[in-house]
Amino acid sequence: MKKILVTGGLGYIGAHTVVELVNHGYEPVIVDDLSNTSLNVLDGIQAITGQAITFYQNDVRDLNAITKILRDNQIEAVIHFAAFKAVGESVQQPLKYYDNNIGGLVNLLKAMQTTQVKNIVFSSSCTVYGEPDVSPVNESSPIKKANSPYGNTKQIGEEILADCQFLNTVALRYFNPIGAHKSALIGELPLGVPNNLVPYITQTAAGIREKLTVFGQDYNTKDGTCVRDYIHVTDLAIAHVKSLDYIKNHPDNKFEVYNIGTGNGMTVLEILQAFEQVNDLKLNYSIGPRRAGDVEKVWADASKAKNILGWTAQLDLNEMVRSAWAWQQNLPKNAI
Ligand code: UFG
């Protein structure tokens, strides 16, 4: 099993995963519709790996195109990233999310069934746990009602995959990926105003945004700000490689989920402080009101991934915030 289709392979996590696939002897083929990224990312991947990567500009909802790509390239496994992920937007435009995230998944699975490709790694999220009663959460923790259509698409996506018994599925529940490749040639580049914390921090430090607002300091946490399990995107990328290795060695696997986090809960203020300290700068920020829909605290018990996939996070918070800033500084002014 070498030839891997990576849907959404020019997105933030997808691009880092493509690099690690090449590093570990796999042959990735990318399909991406460029709806939330650009071809510059392909240049970055090719500069890092020193290889030409096969790329198709297609939407995963195009059944004929995806079927042909799977067949023409003799694909043996798929890593499915292609999806929308803005929580707030999903509340405003739920059908956009159900159409792309669920319609895209169903379409991809139809194409896989037709071409008899049964191996898949799916991008899921810790959002499936909602506001957990206790942290760390493990894979047996209750799945709470999703607090956004985006979150619901991840829950439904897992259920669809579990129902498809012809598949060999590993679903990875990501915690909060941050940071960038150590080369600073690829990283996170959201279109428009960032929703997520770290791109907002780096754009504020770069002077693109005037000020960061910390969303609430009245939570029941050690400094009053929300707690998350931040994980370096390269570690997260390697979890996909380990998942493919596992699938290859366990052809009878049907459906398994794994938490992918570090096991450390960090507050928003701890992230800000680490960013300032490691990069030796001061960030303009103030405390504002809570953001609707935010979970107070969640972090991972990632022992299942360690025991079964042989995966653990290696890179620490200093490397996460250092690489995020290096990437921001390396960005061309006219990026995207
Ligand atoms: N935060 C701020 N100020 C900001 C942005 C974020 O204080 O400008 C805080 C948030 O309130 C939260 C923490 O930083 O406490 C992290 O927020 P993110 O938006 O970076 O990430 P979330 O934990 O909200 O993650 C959610 C979903 C994921 C999803 C992700 C993608 O839980 O499943 O959004 O948008 F993938």
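For the structure itself, look to the data block above.
Heads up: these notes are all about the structure in this document. Predicted model, so just to flag it, every value in this text is computed and none were measured.

The subject of this paragraph is empty space enclosed by the protein. Over the atoms, a rolled probe matching the size of one water molecule traces out where space is still vacant. What the rule picks out here adds up to two cavities of 30 Å³ or more. One number sums up the size of the largest cavity: a volume of about 100 Å³. What lines the largest cavity is a set of 13 residues, and nearest its centre among them are Glu188, Pro199, Thr202, Ala324 and Trp327. Those elements that place two or more of their residues in the lining of the largest cavity are helix 7 (197-205) and helix 11 (317-330).

We now examine the nonpolar core. Membership of the largest hydrophobic core comes to 38 residues, with the highest contact counts inside it found for Ile45, Leu172 and Ile260. Of all the secondary structure elements, the ones that give two or more residues to this core are strand 1 (3-7), helix 1 (12-23), helix 2 (40-49), strand 4 (77-80), strand 6 (168-174), helix 8 (233-249), strand 11 (255-260) and helix 10 (303-309). Those residues in contact with Ile45 that sit more than four places away from it in its chain are Gly9, Leu10, Ala15, Val18, Val19, Ile30, Ile53 and Ile186.

Turning our eyes to something else, we now look at the site of the ligand. Taken together, the neighbourhood of the ligand is formed by 20 residues, with Ser125, Thr213, Arg228, Arg291 and Asp294 sitting nearest. Between the ligand and the protein, one listed contact pairs an oxygen atom with a side-chain N or O atom of Asn196 at 3.1 Å. Interatomic distance of 2.5 Å between a side-chain N/O atom of Arg228 and an oxygen atom of the ligand. Protein chains shield 89% of the accessible area of the ligand, which is 680 Å² for the free molecule. Those elements that place two or more of their residues in the shell around the ligand are helix 7 and strand 8 (212-215). Looking at the shell around the ligand, the element that brings in the most residues is strand 8, giving four residues. Of the residues that constitute the shell around the ligand, the class distribution is ten nonpolar, six polar and four charged.

What counts as what
- Residues numbered from 1 in each chain as written.
- Predicted model: local features only at pLDDT ≥ 70, side-chain atom pairs only at ≥ 80, totals over all residues.
- Heavy atoms only, no water.
- 1 Å grid on protein atoms, 1.4 Å probe; cavity = no way out; pocket = protein on both sides within 12 Å on 5 of 7 lines; lining within 4 Å.
- Points joined across faces, edges and corners; volume = space filled by probe spheres on them.
- Helix = DSSP H or I, 4+ residues; strand = E, 2+ residues; numbered from the N terminus.
- Core = buried A, V, L, I, M, F, W, Y, C linked by side-chain atoms within 4.5 Å.
- Buried < 20%, exposed > 50% of the residue type's maximum accessible area, 1.4 Å probe, protein only.
- Contact = heavy atoms within 4.5 Å.
- Near = heavy atom within 4 Å.
- Polar contact = N/O pair within 3.5 Å; in protein donor to acceptor, adjacent residues only side chain to side chain.
- Areas by Shrake-Rupley, 256 points an atom, 1.4 Å probe, with all protein chains shown as cover.
- Nonpolar A, V, L, I, M, F, W, Y, C, P; charged D, E, K, R; others polar.

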